[in-house]
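Chain by chain, the residues:
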Amino acid sequence: MFKTFDPRQLAHAPVQEIHNGSWAEHAEKTRRAEIIVERLGDFHVAEDFGMEPLRRIHTDEYLGFLQSAHRDWIAAGRSGDAIGYAWPVVGRRNIRLDRIDARLGRYSYDASTPITAETWDAAYWSAQTALTALAPLLKGEERNAFGLCRPPGHHSGADYLGGYCYLNNAAIAAATAADAGCKVAILDIDYHHGNGTQDIFLDRGDIFFASIHADPATDYPFFWGHADETGIGAGKGATLNLPLPQGTRGPAYLDALKQALDAIPRWDADFLIVSYGADTFDEDPISKFALRRDDYPVIAREIAGLGLPCLIVMEGGYAVDALGENVAAFLSGFSS
């Protein structure tokens, strides 16, 4: 399988986040990527496809904010990582706000996603990693490819960050594939709902989004991912949410997967992007499904059974010591 990773992604290393009401060590560690590289080896370094693919998904104002936020934080007399503390509840007015604290609230939705001096570069190369993995699929040179993207992306919307995510790697790849003439489906199988991806494509009818995730009645991101969210306007019917209860094991998960996989051919998709999170693992410290490692190749074989060219984009997974083996187990299902 063609695999991409760029070491510049490792520079992003936030110190802490707000978790369960107090400061905690940041869970999205550089070690997550390092242990996957050590286990899988033989990665292609990312090529630079520039800013245009990012602009297909993210607003210019948001991209500019990401590039300057930490500099502005330091210029305001702060130290450490930039993080918001005030967010608009009812709506985000399109007004100019110069103070960095206001802009952090304008362009984010949680206190678990700090911006460091290196965040922009790492997120940029994470997006380029996804695009580099996509390229041989679009050329017909590969059937499956894996982008080891870190920081992850599926919680990032067109103009907001959150959930450890800054640029939506899967969405950027999906829009690029769609512009190349593909009929794209995105399957998100992270423990947490891919709210950013859903928001980006919610009113579009050209890209199908299906997500299997923890019920947002009990789990982050809470405000997205409910079963009655099916798209709006031109995108009505192009979103499928399959929330599952905490403690879900392999058989129940496979039942939900079958529903998602049955929907994708009905959409006439000819290209698949999988947002893969290994935080469905039963030993994950911040998630509460009960999948075992031997479930992952089974899940992957079901997905591969669609017979579509497939880009796999790394999302979550926080049982760090087990992460390399879990990712390897999942990817093995695409070659068996």
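Anything mentioned here points back to the structure above.
Each chain carries its own residue numbering, running from 1 in the written order of its sequence. For this predicted model, a pLDDT threshold of at least 70 governs which residues receive local features, and a threshold of 80 or more governs which side-chain atom pairs are given and counted, while totals over whole chains, interfaces and linings are taken from all residues. Processing note: side-chain calculations cover all non-hydrogen atoms of the structure and skip hydrogens and water entirely.

Chemist: Which parts of the structure should I look at to understand the overall build of the chain?
Modeler: Within the chain, the regular secondary structure consists of ten helices and nine strands. With the radius of gyration taken over C-alpha atoms, the globule rule is written as 2.2 Å times the number of residues to the power 0.38. Against the globule reference of 20 Å for 336 residues, the chain gives a C-alpha radius of gyration of 18 Å, in line with a compact fold. Principal-axis analysis of the C-alpha atoms gives the chain an extent of 55 × 45 × 40 Å. Using a 1.4 Å probe on the protein chains alone, a residue whose accessible area is under 20% of its type maximum counts as buried, one over 50% counts as exposed, and one in between counts as partly exposed. Taking all 336 residues of the chain together, the buried fraction comes to 59%. Residues count as neighbours in contact if any of their non-hydrogen atoms are within 4.5 Å of one another. If you take every contact in the chain between residues at least 6 apart in sequence, the share linking residues at least 24 apart comes to 77%. Each helix is a run of DSSP H or I of at least 4 residues and each strand a run of E of at least 2, with the numbering of both proceeding from the N terminus.

Chemist: Any chance you could explain the packing of aromatic side chains here in plain terms?
Modeler: Two aromatic rings, taken as a pair, are described by how far apart their centres are and by the angle between their planes. Note on aromatic contacts: the rings of Phe and Tyr and the six-membered ring of Trp form a pair at centre separations within 6.5 Å, being stacked when their planes are under 30 degrees apart, edge-to-face when over 60 apart, and tilted otherwise. What the rule picks out here adds up to 20 aromatic pairs. Centre to centre, the rings of tyrosine 164 and tyrosine 318 are 5.6 Å apart; their planes meet at 70 degrees, and the pair counts as edge-to-face. One end of the pair, tyrosine 164, is in the loop between strand S4 (144-147) and helix H6 (169-179); the other, tyrosine 318, is in the loop between strand S9 (310-314) and helix H10 (320-332), and 154 residues separate them in sequence. Of the two residues, tyrosine 164 and tyrosine 318, neither departs from the other in class, the shared state being buried.

Chemist: How do you make sense of the nonpolar core when you look at a structure like this?
Modeler: In globular proteins that are soluble, nonpolar side chains generally tend to be buried together. Grouping buried Ala, Val, Leu, Ile, Met, Phe, Trp, Tyr and Cys residues that are joined through side-chain atoms within 4.5 Å yields what is termed a nonpolar core. Among the nonpolar cores identified, the biggest contains 50 residues, and Ile189, Tyr276, Ile303 and Phe330 are the most heavily contacted of them. When near neighbours in sequence (up to four residues on either side) are disregarded, phenylalanine 330 contacts Ile189, Val274, Tyr276, Tyr296, Pro297, Ile299, Ala300, Ile303 and Ile312. Counting 49 residues, the second largest nonpolar core, distinct from the first, contains Ile115, Leu131, Leu134 and Leu137.

Chemist: Looking at this model, I keep getting lost on the sheet that holds strand S1 (residues 2-4). Mind explaining?
Modeler: Neighbouring strands of a sheet are bound in pairs by backbone hydrogen bonds; such pairs are parallel or else antiparallel. Paired strands, in this sense, are two strands between which DSSP finds at least two bridges. An order of S1-S4-S9-S8-S5-S6-S7 is seen for the seven strands of this open sheet, with the pairing classed as parallel. Two strands in the sheet have a free side with no partner beyond their single neighbour: S1 and strand S7 (239-244). In this sheet, adjacent strand axes meet at a mean angle of 15 degrees when their direction is disregarded. Across three bridges, the pairing between S1 and S4 is parallel. The residue bridging phenylalanine 2 from the neighbouring strand is alanine 145, located in S4. Axes, fitted as lines to C-alpha atoms, cover a helix only where it is in contact. Angles between the N-to-C directions of the axes lie from 0 to 180 degrees.

Chemist: Please clarify how helix H9 (residues 295-304) should be interpreted in this entry.
Modeler: Residue pairs three or four apart in sequence face the same way in an α-helix, which turns once every 3.6 residues. Listing the buried residues of H9 in full gives Asp295, Tyr296, Pro297, Ile299, Ala300 and Ile303. The secondary structure elements touched by the buried residues of H9 are strand S5 (184-188), helix H8 (250-266), strand S8 (271-276) and H10.

Chemist: Can you walk me through unusual backbone geometry in this structure?
Modeler: For residues other than glycine, phi is negative in most cases, and the peptide bonds are mostly trans. Looking along the chain, the bond that leaves arginine 150 and enters proline 151 is cis, with omega of 10 degrees. In the segment running from tyrosine 220 into proline 221, the intervening peptide bond is cis, with an omega of 10 degrees. The phi angle at aspartate 268 is positive, at roughly 60 degrees, despite the residue not being glycine. Within the secondary structure layout, aspartate 268 lies in the loop between H8 and S8.

Chemist: Please explain the packing of helix H5 (residues 119-138) against H6 as it appears in this structure.
Modeler: Between two packed helices, the angle of one axis relative to the other and the distance separating the axes together describe the packing. It is at 9 Å that the axes of H5 and H6 come closest, and there the two elements cross at 35 degrees. The element H5 and its partner H6 pack so that their crossing is right-handed. Along its contact with H5, which presents Ala123, Ser126, Ala127, Ala130, Leu131, Leu134 and Leu138, the element H6 presents Asn169, Ile172, Ala173, Thr176 and Ala177. Of the residues in the contact of H5 with H6, the class split is nine nonpolar, three polar and no charged. With the far helix as reference, a near helix turned anticlockwise by less than a right angle produces a left-handed crossing, and one turned clockwise produces a right-handed crossing. By the convention adopted, Pro, Cys, Tyr, Trp, Phe, Met, Ile, Leu, Val and Ala count as nonpolar, Lys, Arg, Asp and Glu as charged, and the other residues, Gly among them, as polar.

Chemist: Looking at this structure, I do not really get the side chain of aspartate 6. What am I missing?
Modeler: Turning to its location among the elements, aspartate 6 is positioned in the loop between S1 and strand S2 (16-19). Residue aspartate 6 is classed as buried on the basis of its relative accessible area, which comes to 0%. Under the rule applied, a polar contact is a pair of N or O atoms within 3.5 Å (in protein, one hydrogen donor and one hydrogen acceptor; residues adjacent in sequence only if both atoms are side-chain atoms). Separated by 2.8 Å, the side chains of aspartate 6 and arginine 8 make a polar contact. Beyond its immediate chain neighbours, meaning those up to four positions away, aspartate 6 contacts Val45, Ala46, Trp125 and Thr129.

Purely spatial values, then, with no claim about function.
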